[in-house]
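Letter by letter, the chains look like this.
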Amino acid sequence: MADIILGIESSCDDTSAAVLRDGVLLSNVIASQQVHKDFGGVVPELASRAHEQNIVPVVSEALRKAGVTPADLTAIAFTRGPGLLGSLLVGTSFAKALSLSLDIPMVMVNHLQGHILANFVRQPDKPVDVPSFPYLCLLVSGGNSQIVKVNSPLEYEILGQTIDDAVGEAFDKCSKMLGLGYPGGPVIDRLAKLGDPNRFHFAKPNIPGLDYSFSGIKTSLLYFVRDEMAKDPDFLEKNKEDLCASFQKTLIDILMGKLIRAAKETKIKQITIGGGVSANSGLRERIVAEGRKRGWKTFLPEFKFTTDNAAMIAVAGWFRYKAGERTPLDVAPVSRMADY
Ligand code: KG4
């Protein structure tokens, strides 16, 4: 009998459901919430209300597109954390109710693990090259920046991580500061393509080991722009492409510096990226270029699997289900989840 897994993701501002048959993706439906745009960031209360409105139609649509009925499901994989508690509560409660009513098991997934395994999403009629274990994953999102050594689908070691802001936060906060809108990453990425990445220079942090820091560069950009605006009030408008390109290049230099070091120290040449910031075109180009130079085999998730989606949660859940993991009905969502 085939394993048919329903994946549910609701950790932040995307309600998503996916169906996987024996590891092959049959559907992946995402309802992105537009309600936050006017606020320059995700409003937790509005996010959980929108999840409540979206969850039933999104799951129904995922089942319909996959051509399966609830009775066909083998198990439900859901995001337990980390994320916004109210948002996680919607997906977790839905998973529990469905598990109870269908009398099928549920498997909890760490959201970050989903991003780390995004390269394992197999689509029908699309050959996919998957990394072999152990591999390194540069996990970069709005809430995390980590270098993770992935020993197996269930075994992870965090080699380094940010000691303050996540790199996605640096993109978002700086975009807001420059008046470019939210979320900042895609806007900066787009403008950076039109600018000169070597025009301006921002101080890079000096953090020991494989850890990161992204709070200083924000301040560096803020002071630089403030001083230049004092001389020329139109500085920002005249130079926004070069500012974005230079700022983005600095962030990529910081990310790549530690990743190269981790690859050297561990002697691992299988390199992947995951998380929202892995959609960044500059980062994708650089990782491929460095890979060519250093003999790495690099794996980039398809764009649709870089941001929050249930396909990656279903895949991570399927690995756990196959390993015999089951989650009891009294499970509660958690906003922080230190262990993988
Ligand atoms: O993984 P994600 O969807 O949500 C979590 O944080 O869990 O990541 C969202 C982050 C935001 O900070 C957003 O600005 C960033 O990913 N992002 C990008 C790009 N697309 C999304 N950052 C840089 N370049 C992009 N193209």
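In what follows, the structure referred to is the one given above.
These notes cover the structure that comes with them. (Residues numbered from 1 in each chain as written. Predicted model: local features only at pLDDT ≥ 70, side-chain atom pairs only at ≥ 80, totals over all residues. Heavy atoms only, no water.)

## Topic: the sheet that holds strand β5 (residues 106-110)
Taking strand neighbours across the sheet as the criterion, the 5 strands line up as β3-β2-β1-β4-β5 in an open arrangement whose pairing is mixed. Both edges of this open sheet fall to β3 (24-32) and β5, since each of them pairs with a single strand only. Shown here is a sheet whose adjacent strand axes are inclined to one another by a mean of 20°, direction ignored. One ladder, built from 8 bridges, connects strand β2 (residues 14-21) with β3; its direction is antiparallel. Each residue of the ladder has a partner; that of Ser-16, found in β3, is Ile-30. Set on the sheet, helix α1 (residues 44-66) makes contact with β1 (4-9), β2 and β3; between it and β2 the angle comes to about 25°. Against the sheet, helix α9 (residues 310-322) makes contact with β1, β2, β3, β4 (75-81) and β5, and its axis sits at roughly 130° relative to β1, the strand it touches most. (Pairing = 2+ DSSP bridges. Helix = DSSP H or I, 4+ residues; strand = E, 2+ residues; numbered from the N terminus. Axes fitted to C-alpha atoms, helices over the stretch in contact; angles between N-to-C directions. Contact = heavy atoms within 4.5 Å.)

## Looking at the side chain of Ser-141
Examined against the element boundaries, Ser-141 turns out to sit in the loop between β6 (135-140) and β7 (145-152). For Ser-141, a relative accessible area of 9% translates into the label buried. A distance of 3.3 Å separates the side chain of Ser-141 from the backbone nitrogen of Gly-143, its partner in a polar contact. In this structure, Ser-141 is in contact with Ala-166, Val-167, Gly-168, Glu-169, Gly-275, Gly-276 and Val-277, ignoring residues within four places of it in sequence. (Buried < 20%, exposed > 50% of the residue type's maximum accessible area, 1.4 Å probe, protein only. Polar contact = N/O pair within 3.5 Å; in protein donor to acceptor, adjacent residues only side chain to side chain.)

## A closer look at α9
If you check α9, its first and last C-alpha atoms are 18 Å apart, about what 13 residues at 1.5 Å a residue would give, namely 18 Å. Extensive coverage of α9 is indicated by the burial of 11 of its 13 residues. Packing partners of the buried residues in α9 comprise β1, β2, β3, β4, β5 and α3 (111-116). Structurally, the start of α9 carries an N-cap: the backbone nitrogen of Ala-311 is 3.1 Å from a side-chain oxygen of Asn-309. (Expected span 1.5 Å × (residues − 1).)

## As for the pattern of salt bridges
Evaluated as defined, the whole model comprises 22 salt bridges. A salt bridge links Arg-49 to Glu-45, with the nearest nitrogen and oxygen atoms 3.2 Å apart. Of this pair, Arg-49 and Glu-45 are both found in helix α1, 4 residues apart, which corresponds to roughly one turn of the helix. Two residues, Glu-61 and Arg-64, come together in a salt bridge whose shortest N-O distance is 3.0 Å. Of this pair, Glu-61 and Arg-64 both sit in helix α1, 3 residues apart, roughly one helical turn. (Salt bridge = Lys/Arg side-chain N within 4 Å of Asp/Glu carboxyl O.)

## Description of the pairing of β1
Along β1, 6 of the 6 residues are buried, which leaves the element largely enclosed by surrounding structure. Side chains of β1 alternate between two faces, with Ile-4, Leu-6 and Ile-8 and Ile-5, Gly-7 and Glu-9 buried alike. Of the pairings in the sheet, the one linking β1 to β2 comprises 6 bridges and is antiparallel in character. Paired with Leu-6 across the strands is Val-19, a residue of β2. In sequence, β1 turns back onto β2 through a hairpin of 4 residues. Sheet analysis places β1 next to β4, joined by 4 bridges and oriented parallel. Pairing of Ile-8 across the sheet is with Phe-78, part of β4.

## Regarding the site of the ligand
The environment of the ligand is formed by 20 residues, the closest being Gly-142, Asp-172, Asp-189, Gly-276 and Asn-280. Note that an oxygen atom of the ligand is positioned 2.8 Å from one of the backbone N or O atoms of Gly-142. Taking Asp-172, its side chain carries an N or O atom lying 2.7 Å from an oxygen atom of the ligand. For the ligand, the accessible surface in isolation is 560 Å², of which the surrounding protein chains cover 86%. Only α3, α4 (167-177) and α5 (184-192) provide two or more residues apiece to the shell around the ligand. Classifying every residue of the shell around the ligand by side-chain character gives 5 nonpolar, 12 polar and 3 charged. (Near = heavy atom within 4 Å. Areas by Shrake-Rupley, 256 points an atom, 1.4 Å probe, with all protein chains shown as cover. Nonpolar A, V, L, I, M, F, W, Y, C, P; charged D, E, K, R; others polar.)

## Some thoughts on the environment of Val-42
Looking at where Val-42 falls in the secondary structure, it is placed in the loop between β3 and α1. Along the backbone, Val-42 and Asp-308 are 266 residues apart, and their C-alpha atoms lie at a distance of 14 Å. Not counting residues up to four positions away in its chain, the partners in contact with Val-42 are Cys-12, Asp-13, His-36, Ala-47, Leu-84 and Tyr-182.

It is worth stressing that arrangement in space is one thing and function is another; only the former is reported here.
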